[in-house]
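Reading the structure
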Amino acid sequence: MSALTLASAPEDATALEAAEAHHARMAGELAGRVAMLLTAAGRDRDAAERIRAGLVAFCDREILPHAAAEEAVLYPAARRLPDSRLLVESLIAEHSCLTALVDSLRTPSDATGAAADARALQVFFEEHVAKENGLVLPLLAAAPGLRLAGLLADMHDRLDHGDPSGGRPGTDGHETAQESQESGCGGGCGCGGEDEGAEPELDVRSVPHALRHATVFGALDAVPAGNAMVLVAPHDPLPLLRQIERRSPGRFAVEYLQRGPEAWRLRLSHH
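This write-up is about the structure you can find in this document. (Residues numbered from 1 in each chain as written. Predicted model: local features only at pLDDT ≥ 70, side-chain atom pairs only at ≥ 80, totals over all residues. Heavy atoms only, no water.)

Details of the pattern of salt bridges
Side-chain pairs of opposite charge can arise where the charged atoms are in close proximity. Under the counting rule described, the total for this entry stands at 17 salt bridges. Between R25 and E62 there is a salt bridge; the shortest N-O distance is 3.3 Å. Within this pair, whereas R25 is found in helix α2 (residues 10-41), its partner E62 is found in helix α3 (residues 45-79), the two being separated by 37 residues in sequence. Salt-bridge contacts for E255 lead to R267; the nearest nitrogen and oxygen are separated by 2.7 Å. One end of the pair, E255, is in strand β3 (residues 252-259); the other, R267, is in strand β4 (residues 264-270), and 12 residues separate them in sequence. (Salt bridge = Lys/Arg side-chain N within 4 Å of Asp/Glu carboxyl O. Helix = DSSP H or I, 4+ residues; strand = E, 2+ residues; numbered from the N terminus.)

Now the structure itself:
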C-alpha cells in the first residue's frame with residue numbers, strides 16, 4: 001500500500017515519506033559508527049575509545065533529542081487515536097531503553113564491552129524505528145482531523161531550537177546533562193596510528209539499500225584527518241561518491257583498489 005493511499009492528505013503522504021527517510025538516515029549513520037567501533041575494538045584500544053566517544057556524541061546530538069521530540073509531539077497525538085494507547089506506552093518504554101543503552105556507552109570500558117553495547121543499541125534502534133514507520137506514522141497520516149505534516153513541522157521546530165521536550169526521552173523531563181568535546185568531524189574519531197594494512201573496512205554489500213549511503217556517511221564521520229577507511233561495495237559507487245563530495249567538499253580522496261566484478265574496493269582518505 002502506498003503512502004498516498006495511507007495518508008488523508010497529499011502533504012501528509014509527503015511528510016510520511018520524509019519521516020521514514022529521516023529514520024533511515026539516523027539508523028544508517030548509527031550503523032556506520034557502530035561498524036567502525038566493531039572494527040577497532042579488537043585491535044586498537046585508543047581508536048575504539050575515540051569512536052565510542054563520538055558515538056555517544058552522535059546519540060546526544062541526533063537520536064535522543066529526536067526521541068524526546070517524538071514524545072512531546074507525535075506520541076500525544078497518537079495516544080488519542082482508538083486502540084493506540086498501549087502501542088504508544090510501549091514505544092515510550094523503548095525510549096527509556098534507548099536512553100539506558102546510550103548511558104551504558106558513556107563510561108569508558110573495555111573495547112569489547114563497548115562494542116557489544118553499541119551493537120545492542122543499533123539493533124534496538126532499528127527495531128524501534130521499524131515500529132514507528134510501520135505503525136505510528138501511518139496511523140497519524142491516515143487519521144481524520146490530524147495533519148502529520150503539521151506535527152512533524154512542530155517536532156522539527158523544537159529540534160531546531162534545541163528544545164525537543166524539556167528533557168531526555170523517557171525521563172519525565174529530568175535531564176542528565178553530558179558535556180562532550182566534539183571535533184570538526186562531528187565528534188567521531190577513527191583509527192589513528194595504524195599502518196595501511198590495518199585500515200578499517202566497511203563492507204556494505206549486505207546493508208539494505210535504504211540504509212547504505214547513510215551507513216557510509218556515519219562510518220566516514222568516524223575517520224579523523226590523516227586516516228582512511230576501505231569501502232567494499234557491490235557496484236561502482238559513483239552516485240555515493242558524488243554525495244560524499246557534496247556533503248564534505250574536498251575532504252576525502254578516493255583510490256580504487258578493486259573494480260569488480262563481484263566487489264568494488266575503494267580507499268577513502270580523510271585529508
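A short note on the layout of surface pockets
The computed volume of the second largest pocket comes to approximately 220 Å³. Lining the second largest pocket are 14 residues, and of these A31, A35, Q122, V207 and T215 sit closest to its centre. For the lining of the second largest pocket, the secondary-structure elements that each account for two or more residues are α2, α5 (111-142), β1 (201-203) and α7 (209-220). When residues of the lining of the second largest pocket are assigned to their parent elements, the largest contribution, four residues, is made by α2. (1 Å grid on protein atoms, 1.4 Å probe; cavity = no way out; pocket = protein on both sides within 12 Å on 5 of 7 lines; lining within 4 Å. Points joined across faces, edges and corners; volume = space filled by probe spheres on them.)

As for the pairing of strand β2 (residues 228-233)
Along any regular strand, the residues point their side chains to alternate faces of the sheet. Burial analysis of β2 places six of its six residues in the buried class, the great majority of the element. Along β2, one buried face is formed by A228, V230 and V232 and the opposite face, lined by M229, L231 and A233, is buried too. By the bridge criterion, three bridges tie β1 to β2 in an arrangement that is parallel. Paired with E201 across the two strands is V230, which belongs to β2. Handedness of the crossover joining β1 and β2 through α7: right-handed. (Buried < 20%, exposed > 50% of the residue type's maximum accessible area, 1.4 Å probe, protein only. Pairing = 2+ DSSP bridges. Right-handed = clockwise from strand over helix to strand, strands pointing away.)

As for empty space enclosed by the protein
Empty space among the atoms becomes visible once a probe the size of a water molecule is rolled across them. For the coordinates displayed, the defined rule picks out two cavities of 30 Å³ or more. Its boundaries defined by the atoms lining it, the largest cavity holds a volume of some 50 Å³. Along its surface, the largest cavity is lined by A19, H22, H23, H66, E70, L74, L152, M155 and H156. When residues of the lining of the largest cavity are traced back to their parent elements, those giving at least two are α2, α3 and α6 (148-160). A per-class count over the lining of the largest cavity returns four nonpolar, four polar and one charged. Roughly 30 Å³ of internal volume is contained in the second largest cavity. Along the walls of the second largest cavity sit I63, H66, A67, E70, H95, L98, F125, H128, V129 and E132, which together make up its complete lining. Taken together, the elements giving at least two residues each to the lining of the second largest cavity come down to α3, α4 (85-106) and α5. (Nonpolar A, V, L, I, M, F, W, Y, C, P; charged D, E, K, R; others polar.)

Focus on α3
Along α3, the helix axis deviates most sharply at E71, where the bend reaches about 45°. Structurally, the start of α3 carries an N-cap: the backbone nitrogen of D46 is 3.2 Å from a side-chain oxygen of D44. (Bend = angle between axes of the 7 residues up to and from the residue. Polar contact = N/O pair within 3.5 Å; in protein donor to acceptor, adjacent residues only side chain to side chain.)

Notes on the pairing of β4
Of all seven residues that make up β4, five are buried, and the element is covered over most of its length. Across six bridges, β2 lies against β4 in antiparallel orientation. Across the sheet, A233 pairs through a bridge with W264, a residue of β4. Pairing of β3 with β4, which is carried by seven bridges, proceeds in the antiparallel orientation. Residue pairing in the sheet places R259 in a bridge with W264 of β4. Counting the residues between successive antiparallel strands, the hairpin from β3 to β4 contains four residues, one of them, G260, with a positive phi of roughly 70°.

So, the packing of α2 against α5
Interaxial distance between α2 and α5 falls to 9 Å at its minimum, and their mutual angle equals 170°. On the basis of their axis angle, the class for α2 and α5 is roughly antiparallel. Of the residues assigned to the contact of α2 with α5, the class counts are 20 nonpolar, three polar and five charged. (Axes fitted to C-alpha atoms, helices over the stretch in contact; angles between N-to-C directions. Parallel < 35°, antiparallel > 145°, perpendicular 65-115°, else oblique.)

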